[in-house]
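So the chains spell out like this:
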Amino acid sequence: MPTQICHGRVIAALVGCTALALTATGTASAHAVSRDLGRQVLATGDGWGSYGTGTTGGSAADAAHVYTVTTWAGFKAALAAGGSAPKIIKVKGVIDAVAEGCDAFAAPGYDFDAYLAKYAPQTWGLDTDLSAEPDDSPEGLRRASAAAQDKAIKANIPANTTLVGIGKNAGFKGVSLQIKAVDNVIVRNLAFESPIDCFPQWDPTDGSSGNWNSEYDTAVVYGSTHVWLDHNTFTDGTHPDSAAPTYFGMLYQQHDGELDIVRGADYVTASWNVFTEHDKTILIGNSDSESTATGDRGHLKVTFHHNRFSDLVERAPRVRFGQVDSYNNHFVGDDSFAYSFGIGKESQLVAQHNAFTLPPGVSAAKVLKRWNVSPVTADDNYVNGRLTDLIAVHNAEIPGEVLQSGAGWTPTLRTKVDPARAVPRIVDCGAGAGRLG
């Protein structure tokens, strides 16, 4: 069992630590309607996910629609069974979608060395992308290989489903959960090791020097409503970016996001999760061009509370369009820290009662990043134990990107709000997979 640092003390046994967090927030009484995790539902008033009809997942499933799975094939079979009837899928152990390795997806004739030789900037240049390359070219064979991986690792989660880990060591490796165009999904108590893109694409025209672009978010909420993500852990695990090689002078990026909420998705609560060891972490609204016509404007209502964001570069989250409430979260930066909250087009972000632990030399001015002119509410936030006006310090140190105060709305869907000063201990002791009974 991994140890946890809880307010300066190493805790080997998690029971007391979890009890502390649950007692402090009232979560135990709010969610413990049933001792069976699969039957538990999101409490009334617990974030945007509780809005309207609320989020109950598969809690009403009959016995015929309760599955315990230990393999990737068994998991996909359970997803396909029973249509959209309420179902509970219990995951036991760690399920690896790419246990056979990347070679299992490679198209006949695909050769990475040939790919590098063909598209090296000194021979191909940086003015022409690879979209016109024929199917039998190195890029065409890469596309075919990528299509095989795409089909193999994506798992479409149906409506009225609860996906829950059993015990302290349940989860997935190399899987991309697709919560797409459905309503009423719960995902809890699971550890996710981010999928790696076995076949990233080189784009010579991306930036001044070209770039490697990857696919596969760990979880995508795409045009879906009423989703609750609770007590999960998202990490790059055994494939951190720090261990990735460089080709053509650029990082061979094999990760996309840990969680994306896009294309008109709505009414999402993310609580008590750990997001760690990643670059581009969470994206809400995937394009400035997305608006009413494509479903983003007026939607993307998301709540984040009691999550731990640690050792991340950026996007915790980056927000476009949505009304996003972020409170009682703990953000722990390292030397790679770029920013936490990205203020994007027409975003309406409220960031309150959060705690930030930043290393020496990293300024609190970097917590907020302005991508577009959108007002933000950011008060009662603590940085390294001190009450800090995040907007004021940002504007003082980065006058070329002045932020405006006041998101224009006041969140009402919150359960008990903990004092910001207590958040590091509470969250570090209670967040992540393996903390539920």
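Residues numbered from 1 in each chain as written. Predicted model: local features only at pLDDT ≥ 70, side-chain atom pairs only at ≥ 80, totals over all residues. Heavy atoms only, no water.

*Asks:* Honestly, the environment of Gly 264 in this entry has me stumped. Any pointers?
*Replies:* For Gly 264, the location among the structural elements is in the loop between β19 (259-262) and β20 (266-271). Exposure remark for Gly 264: the relative accessible area of 14% places this residue in the buried category. Those residues within four positions of Gly 264 in sequence are excluded, and the remaining contacts are Gly 223, Gly 295, Asp 296, His 299 and Leu 300. (Helix = DSSP H or I, 4+ residues; strand = E, 2+ residues; numbered from the N terminus. Buried < 20%, exposed > 50% of the residue type's maximum accessible area, 1.4 Å probe, protein only. Contact = heavy atoms within 4.5 Å.)

*Asks:* Got a minute to help me understand the nonpolar core in this structure?
*Replies:* Residues Phe 75, Leu 163, Phe 172, Leu 177 and Ile 261 are the most contacted members of the largest nonpolar core, which totals 80 residues. Excluding anything up to four places from it in sequence, Leu 177 contacts Phe 75, Ala 155, Ile 157, Leu 163, Val 187, Phe 192, Asp 217, Thr 218, Ala 219 and Val 220. (Core = buried A, V, L, I, M, F, W, Y, C linked by side-chain atoms within 4.5 Å.)

*Asks:* What's the story with the pairing of strand β21 (residues 274-280) in this structure? I'm lost.
*Replies:* Each regular strand shows side chains that alternate between the opposite faces of the sheet. Of all 7 residues in β21, 5 are buried, a share of seventy percent or more. Summarising the sheet, strand β16 (residues 233-235) and β21 pair through 3 bridges and their orientation is parallel. The partner of Thr 235 across the bridge, within β21, is Thr 276. Sheet topology note: the β21/strand β24 (residues 308-314) ladder contains 5 bridges and is parallel. Pairing of His 278 across the sheet is with Leu 312, part of β24. (Pairing = 2+ DSSP bridges.)

*Asks:* In this structure, what is going on with the sheet that holds strand β34 (residues 386-388)? I would like to understand it.
*Replies:* Pairing between the strands of a sheet is mediated by backbone hydrogen bonds and can be parallel or antiparallel. Taken together, the 10 strands give an open sheet; going across it, the order is β5-β8-β11-β16-β21-β24-β27-β30-β33-β34, and neighbouring strands pair in mixed fashion. In this open sheet, the two edge strands, each paired with only one partner strand, are β5 (94-96) and β34. Taking each pair of neighbouring strands and ignoring which way they run, the sheet shows an average axis angle of 20 degrees. Pairing of strand β33 (residues 381-383) with β34 involves 3 bridges; the strand directions are antiparallel. By the bridge assignment for β34, Asn 381 is matched with Thr 388. (Axes fitted to C-alpha atoms, helices over the stretch in contact; angles between N-to-C directions.)

*Asks:* What's the story with unusual backbone geometry in this structure? I'm lost.
*Replies:* Backbone phi values are negative for most residues with the exception of glycine, while trans is the configuration of most peptide bonds. Of the consecutive residues Ala 316 and Pro 317, the connecting peptide bond is found in the cis state with omega at -5 degrees. Mapped onto the fold, Pro 317 is located in the loop between β24 and β25 (318-319). Backbone geometry places Tyr 267, a non-glycine residue, at a positive phi of 60 degrees. Tracing the sequence through the fold places Tyr 267 in strand β20. For Tyr 267, a relative accessible area of 18% puts it in the buried group. Of note, the phi angle at Asn 328 is positive, near 55 degrees, even though the residue is not glycine.

*Asks:* What am I meant to see in the state of the cysteines here?
*Replies:* One covalent bond between the sulfur atoms of two cysteine residues makes up a disulfide. For the structure shown, the criterion picks out 1 disulfide. The disulfide that involves Cys 102 links it to Cys 198, with 2.0 Å between the sulfurs. On the sign convention where negative means left-handed, the S-S torsion of about -70 degrees between Cys 102 and Cys 198 marks this disulfide as left-handed. Within this pair, whereas Cys 102 is found in the loop between β5 and α4 (112-119), its partner Cys 198 is found in the loop between β11 (191-193) and β12 (201-203), the two being separated by 96 residues in sequence. (Disulfide = S-S within 2.5 Å.)

*Asks:* Please clarify how the side chain of Asn 329 should be interpreted in this entry.
*Replies:* Looking at where Asn 329 falls in the secondary structure, it is placed in the loop between β26 (323-327) and β27 (330-332). Judged by relative accessible area, Asn 329 falls into the buried class, the value being 0%. Separated by 3.1 Å, the side chain of Asn 329 and the backbone oxygen of Phe 304 make a polar contact. (Polar contact = N/O pair within 3.5 Å; in protein donor to acceptor, adjacent residues only side chain to side chain.)

*Asks:* Looking at this model, I keep getting lost on α4. Mind explaining?
*Replies:* Since one α-helical turn is 3.6 residues long, residues separated by three or four positions face the same way. Within the span of α4, buried status applies to Phe 112, Tyr 115, Leu 116 and Tyr 119. Buried residues of α4, seen end-on, are gathered within an arc of 95 degrees and therefore sit on one face of the element. Counted as exposed and oriented over 90 degrees from the buried face of α4: Asp 113 and Ala 117. The opening residue of α4, the one whose side-chain oxygen lies 3.1 Å from the backbone nitrogen of Asp 113, is Asp 111. (Arc of directions from axis to C-beta.)

*Asks:* Can you help me understand the side chain of Ser 224 in this one?
*Replies:* Along the chain, the position of Ser 224 falls in the loop between β14 (219-222) and β15 (225-230). We classify Ser 224 as buried; its relative accessible area is 0%. Among the polar contacts listed, one links the side chain of Ser 224 to the backbone nitrogen of Lys 180, at a separation of 3.5 Å. Here Ser 224 is in contact with Ile 179, Lys 180, Ala 181, Val 182, Ala 265 and Asp 266, once residues within four sequence places are set aside.

*Asks:* Please clarify how the sheet that holds strand β29 (residues 348-352) should be interpreted in this entry.
*Replies:* Pairing within the open sheet is parallel, and its 10 strands lie in the order β3-β4-β7-β10-β15-β20-β23-β26-β29-β32. Two strands lie at the open edges of the sheet, namely β3 (66-69) and β32 (376-379), each paired on one side alone. Pairs of neighbouring strands in the sheet enclose a mean axial angle of 10 degrees, with direction left out of account. Where strand β23 (residues 302-305) meets β26, 4 bridges bridge the pair, whose relative direction is parallel. Each bridged residue has a counterpart across the sheet, and for Phe 304 the counterpart in β26 is Ser 326. Each of β3, β4 (87-91) and β7 (161-165) touches helix α3 (residues 72-80); the most contacted strand, β4, lies at about 170 degrees to it.

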